[in-house]
Amino acid sequence: MTVLAPENVNLVDPELYATGDPYPVFRWMRDHDPVRRHDATEYPAFWSVTRYDDIRAVYNDARVYSSAQGILLRPKGHGQDPGGGRTLALTDPPRHKALRSLVADWFTTRSVRALEDAMRDAVRQVVARAVELGTCDFVTDVAGRLPLYVICRLMGVPAHEQEMLFALTTQAFGAGEPEARSIAHQEIMAYFVELMYRRMDEPADDLVSALVNGEVDGELLTEEDILLNCDNLLVGGTENVRLAVAGGMRTFLERPADWERLRDDRGLMPTAIEEVLRWTSTATHIMRTVTEPVVLRDRVLEAGDRVVLWTPSANRDERHFANPDAFDLTRRPNRHLALGAGEHFCLGAMMTRTEMRILFSELLDSTRSIEQTGPAVPLRSIVVNGLESLPVRITPA
């Protein structure tokens, strides 16, 4: 297929990802203009980086390519991200390492394994509920529930308050009207204000208590810093798994032979999970800001320039992956960048993989069939790559 030079393609147009196909555009850019200047639109101008090796190089140089000015493009006029320099995702070393150390113990292999039985119980309840519904939205009713349950448990959200938080996150991080999403997000933040004050009075063994009582450079975090990091943990702990599992299920529905192959050979689960992560590439873009003049490939970037890393492009780079446009359950090696790299490699990578393994395994064990009952609806987003809804009917085993 011939792909023309995309002079007029707007990479920050949500319709390109919702109804179009960005992959031929990314392929052309990797071949002909891998570090490409993108003119200002409603967003400021930036450099587009599309090759795997270049994206990994940017990830691995936190000194030159800073996260502290924001990691996502923001429309002109919106100002700086309020979390800049204050949250796990939006800090550079050494502050990033200090913040990470406050919460890292909850994401170790030992901590994740201790949660596995509870995760299985939660998934069984989710599947049973989906079966009772007859038809359901796989994105919200199945894929979204386990990661929210897990992060709520880690953050110390009481069981009787989790359903309320689930409803709010579904609205805040979905694809509804901006005003409704904003109101729901404000209610989430108000909830964490209350939880923060509870933990100040009654500390517990949870992430919110760790933030409340943790020190960075000998000082306690401010209340605003605590709340911003709560929001960061909530989003980071839910979005990637929800979108990856939903996107993976859609892929299996389109390729039923792969689903049955996985049912028959669970030894394929580890490579299948990595391939789902590569294939779905749920973070559409990640941004960095240049701190000093630097040459990236043959382009001279100046201090203050924005650099946008297109994860889906990196994970389809022919220079790194054999037959990258094929979904391959047995792909080895598979050093995708779906979970980042370098200083900001996903803190919850082990948790993400475990949640995906348990979700897919329980679905295979407890269902006879999963049938798509309507069209999948993609998100209109330049931030996350995934589905808004996926209507299905689940038949129990």
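All figures in this text were calculated on a predicted structure; none of them were measured in a lab.

Caption draft 1: Summary view of the sheet that holds strand β3 (residues 65-66). Across the sheet, five strands lie side by side as β1-β2-β10-β7-β3; this open sheet has mixed pairing. A single partner strand is all that each edge strand has here, and the edge strands are β1 (35-38) and β3. When β3 meets strand β7 (residues 285-290), the two strands line up antiparallel, connected through two bridges. Following the sheet pairing, Y65 is matched in β7 by V290. Against the sheet, helix α3 (residues 52-59) makes contact with β1, β2 (46-49), β3, β7 and β10 (306-310), and its axis sits at roughly 125 degrees relative to β10, the strand it touches most.

Caption draft 2: A look at the packing of helix α9 (residues 159-172) against helix α10 (residues 178-201). Close contact between α9 and α10 brings their axes to 7 Å; oriented N to C, the two are set at 145 degrees. For the pair α9 and α10, the crossing hand works out as left-handed. Two secondary-structure elements touch here, α9 through E161, M164, L165, L168, T169, Q171 and A172 and α10 through A180, R181, A184, H185, E187, I188, Y191, F192 and R198. Split by residue class, the contact of α9 with α10 holds nine nonpolar, three polar and four charged.

Caption draft 3: Expanded view of unusual backbone geometry. Following P93, the chain continues into P94 via a peptide bond in cis, with omega recorded as 5 degrees. One can find P94 in the loop between β3 and α4 (95-103). In this structure, P333 follows R332 across a cis peptide bond, with omega equal to -10 degrees. Inspection of the secondary structure puts P333 in the loop between α15 (311-314) and α16 (349-366). Not every positive phi belongs to a glycine, and R297 is a case in point at roughly 55 degrees. The topology assignment puts R297 in the loop between β8 (294-296) and β9 (299-301). In this model, N323 sits at a positive phi of 50 degrees, which is unusual for a non-glycine residue. Examined against the element boundaries, N323 turns out to sit in the loop between α15 and α16.

Caption draft 4: Quick look at the packing of aromatic side chains. Taken as a whole and judged by the stated rule, the model has ten aromatic pairs. Taken together, the ring pairs in this structure connect F252, W259, W279, F327 and F360 into an aromatic cluster. Here R145 stacks its cationic end above the ring of F166, 4.0 Å away from the centre of that ring.

Caption draft 5: Region of the structure containing the environment of T291. Positionally, T291 belongs in the loop between β7 and β8. Measuring from C-alpha to C-alpha, the distance between T291 and R306 comes to 9.8 Å, with 15 residues separating the pair along the chain. Apart from residues lying up to four places away in sequence, T291 is in contact with R63, V64, S66 and A303. From its side chain, T291 meets the backbone oxygen of R63 in a polar contact 2.8 Å long.

Caption draft 6: Quick peek at empty space enclosed by the protein. By the definition in use, this model includes one cavity of 30 Å³ or more. Grouping the constituent residues of the lining of the largest cavity by class yields four nonpolar, two polar and four charged.

Caption draft 7: Geometry of the side chain of R263. Mapped onto the elements, R263 comes out in helix α13 (residues 256-264). A polar atom in the side chain of R263 sits 3.1 Å from the backbone oxygen of T367.

Caption draft 8: View of the pattern of salt bridges. Tallying each qualifying case throughout the model produces 36 salt bridges. Here R145 makes a salt bridge to E163, at a shortest N to O gap of 2.9 Å. Of the two residues, R145 sits in helix α8 (residues 145-155) while E163 sits in helix α9, which places them 18 residues apart along the sequence. Residue classification places R145 among the buried positions, given a relative accessible area of 14%. Taking the relative accessible area as the measure of exposure, E163 reaches 44% and is therefore partly exposed. Of the charged contacts in the structure, one is a salt bridge between R250 and E254, with a shortest N-O distance of 3.5 Å. Placement of both R250 and E254 in helix α12 (residues 223-254) is noted, with a separation of four residues, approximately one turn of the helix. Given a relative accessible area of 48%, E254 falls into the partly exposed group. Here the salt bridges share partners, and the residues they tie into one network are R27, R30, D31, R316, D317, E318, R319 and D325.

Thresholds, definitions, all that
Residues numbered from 1 in each chain as written. Predicted model: local features only at pLDDT ≥ 70, side-chain atom pairs only at ≥ 80, totals over all residues. Heavy atoms only, no water. Pairing = 2+ DSSP bridges. Helix = DSSP H or I, 4+ residues; strand = E, 2+ residues; numbered from the N terminus. Contact = heavy atoms within 4.5 Å. Axes fitted to C-alpha atoms, helices over the stretch in contact; angles between N-to-C directions. Left-handed = near helix turned anticlockwise from the far one by under 90°. Nonpolar A, V, L, I, M, F, W, Y, C, P; charged D, E, K, R; others polar. Phe/Tyr/Trp six-rings, centres within 6.5 Å; stacked < 30°, edge-to-face > 60°. Lys NZ or Arg CZ within 6 Å of the ring centre and 35° of its normal. Polar contact = N/O pair within 3.5 Å; in protein donor to acceptor, adjacent residues only side chain to side chain. 1 Å grid on protein atoms, 1.4 Å probe; cavity = no way out; pocket = protein on both sides within 12 Å on 5 of 7 lines; lining within 4 Å. Points joined across faces, edges and corners; volume = space filled by probe spheres on them. Salt bridge = Lys/Arg side-chain N within 4 Å of Asp/Glu carboxyl O. Buried < 20%, exposed > 50% of the residue type's maximum accessible area, 1.4 Å probe, protein only.

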